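Analysis of the macromolecular model
Each chain, written out:
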Amino acid sequence: GLKDDRVVCGIAARGQGYARESGRCFAIDLAPVQRQLEGRENGGILASRLAGRTRLYAFDPRYPLLDELKAVLAKAMTFYPPEEQERLLMVRQRPRRAGKPL
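Since the model is a prediction, treat every value here as computed from it, not as a measurement. (Residues numbered from 1 in each chain as written. Predicted model: local features only at pLDDT ≥ 70, side-chain atom pairs only at ≥ 80, totals over all residues. Heavy atoms only, no water.)

Moving on, we get to the overall build of the protein chain. A count of helical and extended segments in the protein chain gives five helices and three strands. In the protein chain, the order of α-helices and β-strands from amino to carboxyl end is α-β-α-α-β-β-α-α. Residues counted as buried form 32% of the 102 residues belonging to the protein chain. Looking at the protein chain as shown, the accessible area adds up to about 6,900 Å², and 52% of this sits on carbon and sulfur atoms. (Helix = DSSP H or I, 4+ residues; strand = E, 2+ residues; numbered from the N terminus. Buried < 20%, exposed > 50% of the residue type's maximum accessible area, 1.4 Å probe, protein only. Areas by Shrake-Rupley, 256 points an atom, 1.4 Å probe, with all protein chains shown as cover.)

So this is what it looks like as structure tokens:
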């Protein structure tokens, strides 16, 4: 698993996210990111939908402790270094086209 919940903090900050984006953003292998997101979805915290071939994750609005969870994650974000906070808030409009240079 991951040492912390940066991926979930990123989704809280941006409103939604996908596994590959989160993995690249935090230099984490894709498999652990996918496991974390799937685990949070199985726990009812996140919900996903397909946008083309990309699975987008967002908080499930029916999660009973959603407001409290978002408050805790917002507080947790304040403990990250400024450059990490910027990465958490960075919003990509769509996944990068395959093969497109960075």
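Read from one edge of the open sheet, three strands run β1-β3-β2, paired in antiparallel fashion. With partners counted over all chains shown, the strands left at the sheet margins are β1 (17–18) and β2 (46–51), one partner each. Judged from the six bridges that link them, β2 and strand β3 (residues 54–59) form a sheet pairing that is antiparallel. Within β3, the position partnered with R49 by the bridge is L56. (Pairing = 2+ DSSP bridges.)

Where charged atoms from two side chains of opposite charge come close, those side chains can pair. Evaluated as defined, the whole model comprises two salt bridges. With a shortest N-O distance of 3.2 Å, R62 and D60 are connected by a salt bridge. (Salt bridge = Lys/Arg side-chain N within 4 Å of Asp/Glu carboxyl O.)

With that out of the way, let us pick up the packing of helix α1 (residues 6–14) against helix α4 (residues 66–77). Any two packed helices are characterised by the angle at which their axes cross and by the distance between the axes. Between α1 and α4, the shortest axis-to-axis distance is 10 Å and the interhelical angle comes to 105°. By the criterion of interaxial angle, the relationship of α1 to α4 is roughly perpendicular. Of the residues in α4, those in contact with V8, C9, A12 and A13 of α1 are L73, A76 and M77. Residue composition of the contact of α1 with α4, by class: seven nonpolar, no polar and no charged. (Axes fitted to C-alpha atoms, helices over the stretch in contact; angles between N-to-C directions. Parallel < 35°, antiparallel > 145°, perpendicular 65-115°, else oblique. Contact = heavy atoms within 4.5 Å. Nonpolar A, V, L, I, M, F, W, Y, C, P; charged D, E, K, R; others polar.)

Function cannot be read off these values alone, since they describe shape.
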